[in-house]
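# Working through the structure, step by step
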Amino acid sequence: MPPRRLALFPAWMSANITVPFKKEIANIVFTTTFWHIWVERNNRVFSDKRMHKLVILKRIKVSIKLRTIHRVFRIIQTLNLVMVSNAFGVQIEEKENSSTIVKWMSPEDGWLKLNTDGSLADDRGGYGALIRNSNSEFQLGLAGRLDLPTINLLELKAIEQGVKLSSTMQACKLWIETDSTTALAWLEGRGNIPWTAIRSLRNTHHYLQHLVDWKVTHIHREGNSPADILAAFKSMRGESIFLPKQIWKELEVALVQDRQELGFVRVREK
């Protein structure tokens, strides 16, 4: 929308939306969207930082939801659950938090382990993968930049490129580990697989059929830190390959933590 038309939007909204509640919601949507776009514009101009458009859209949706809840229930500091329960005739239960330890486990002798991840932390998507042996030693890694429409396609691309990389090592048995339950399901032929994922799946299975054995499992993101670091790496080329002597401090620390099997605490609602 051109700047001149944008300036006229509040007046148009006041003239055409007469119901007070709808007008309030429309104002929230307009001001929240404009604010996030303005912040992103400033980050790009003054700080040379960019967020992916899908990340911006998600933040806008979350902000609109939170502001709407605040306006409707007038939540200032605390939420009186009993009052809300009585007003709406519903039962509200407070959920307790539970914690588990998430650990990265090394593969058995004769196996290689591939950890993968996708990222939408920039204006273009990223993906990363790394291969370690049964001694938890880093063998090869990769980081790529690609403009794919969803995080799940980036997760799948990371698996595809990681499996392809493992084929250069003449791997016989490969353990694939991802923090994406959707990509894992697609790889196993489960769920509603979009047509945009078919080519990547075919390429992946082409390399997998040359292995003696392979398996794929899920790990929570807390235990997938090295792959996450590679996915966020800003590669100057389309894809970069890393040898053991090329890893940097942040990645090295994450690899040591995995090797020591210290684990990470994951907190979730029961």
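Definitions and cut-offs
- Residues numbered from 1 in each chain as written.
- Predicted model: local features only at pLDDT ≥ 70, side-chain atom pairs only at ≥ 80, totals over all residues.
- Heavy atoms only, no water.
- Patch = residues over 30% accessible without salt bridge, like charges linked within 9 Å, V, L, I, M, F, W, Y side chains within 5 Å.
- Areas by Shrake-Rupley, 256 points an atom, 1.4 Å probe, with all protein chains shown as cover.
- Salt bridge = Lys/Arg side-chain N within 4 Å of Asp/Glu carboxyl O.
- Buried < 20%, exposed > 50% of the residue type's maximum accessible area, 1.4 Å probe, protein only.
- Helix = DSSP H or I, 4+ residues; strand = E, 2+ residues; numbered from the N terminus.
- Expected span 1.5 Å × (residues − 1).
- Pairing = 2+ DSSP bridges.
- Axes fitted to C-alpha atoms, helices over the stretch in contact; angles between N-to-C directions.
- Contact = heavy atoms within 4.5 Å.
- Polar contact = N/O pair within 3.5 Å; in protein donor to acceptor, adjacent residues only side chain to side chain.
- pLDDT = per-residue confidence, 0-100.
- 1 Å grid on protein atoms, 1.4 Å probe; cavity = no way out; pocket = protein on both sides within 12 Å on 5 of 7 lines; lining within 4 Å.
- Points joined across faces, edges and corners; volume = space filled by probe spheres on them.
- Nonpolar A, V, L, I, M, F, W, Y, C, P; charged D, E, K, R; others polar.

- As annotated in an unreviewed UniProt entry, the chain is RNase H type-1 domain-containing protein from Acorus calamus.

## Notes on a nonpolar patch on the surface
- Where nonpolar side chains cluster on the molecular surface, the patch consists of Ile193, Trp195 and Ile198 and spans about 330 Å² of accessible area.
- Accessibility expressed as a relative area gives 30% for Ile198, which makes it partly exposed.

## A few points about the pattern of salt bridges
- On inspection of all chains with the given rule, the structure shows 5 salt bridges.
- A salt bridge links Glu177 to Lys113, with the shortest nitrogen-to-oxygen separation between them at 2.9 Å. Remark: Lys113 occurs in strand S2 (residues 112-119) and Glu177 occurs in strand S5 (residues 173-178); sequence separation between them is 64 residues.
- Classification of Glu177 by relative accessible area gives buried; the value is 5%.
- Overall, the relative accessible area of 0% leaves Lys113 in the buried class.
- Between Glu188 and Arg190 there is a salt bridge whose closest N-O contact spans 2.7 Å.

## Things to note about the environment of Ser167
- Looking at the secondary structure, you find Ser167 in helix H5 (residues 151-167).
- In the structure, Ser167 is positioned 40 residues away from Tyr207 in sequence and 6.9 Å away in space, judged by C-alpha atoms.

## What about H5?
- With 17 residues, H5 should cover 24 Å at 1.5 Å per step; its first-to-last C-alpha distance of 25 Å lies within 8% of that length.
- In terms of residue burial, H5 counts as a mostly covered element, since 13 of its 17 residues are buried.

## Regarding the sheet that holds S2
- With mixed pairing, the 6 strands of this open sheet are ordered in space as S6-S5-S2-S3-S4-S7. Two strands close off the open sheet at either side, each with one partner strand: strand S6 (213-218) and strand S7 (239-242). Ignoring strand direction, the axes of neighbouring strands in this sheet form an average angle of 15°.
- As judged from the 6 bridges shared by S5 and S6, these two strands associate in the parallel manner. Bridge pairing in S6 links Glu177 to Thr217.
- On the sheet, H5 packs against S2, strand S3 (125-132), strand S4 (138-146), S5 and S7 and is oriented at approximately 150° with respect to S2.

## Quick notes on the side chain of Lys113
- A polar contact is formed between the side chain of Lys113 and the backbone oxygen of Met105, at a distance of 2.6 Å.
- At 2.9 Å, the side chain of Lys113 forms a polar contact with the side chain of Glu177.
- Setting aside residues no more than four positions away along its own chain, Lys113 makes contact with Trp104, Met105, Pro107, Leu130, Ile131, Arg132, Trp175 and Glu177.

## Quick notes on the confidence of the model for the chain
- Model confidence for the chain is summarised by a mean pLDDT of 83, while 80% of its residues fall at 70 or above.
- Looking across the chain, the model is least confident in helix H4 (residues 81-88), with a mean pLDDT of 55, and most confident in S5, with 97.

## Let's talk about the layout of surface pockets
- Of the pockets and cavities examined, the largest pocket occupies roughly 190 Å³.
- Together, Leu54, Val55, Lys58, Arg59 and Leu120 line the largest pocket.
- Split by residue class, the lining of the largest pocket holds 3 nonpolar, no polar and 2 charged.
- Computed from the structure, the second largest pocket encloses a volume of approximately 150 Å³.
- Elements supplying a minimum of two residues to the lining of the second largest pocket: H5 and helix H7 (195-208).

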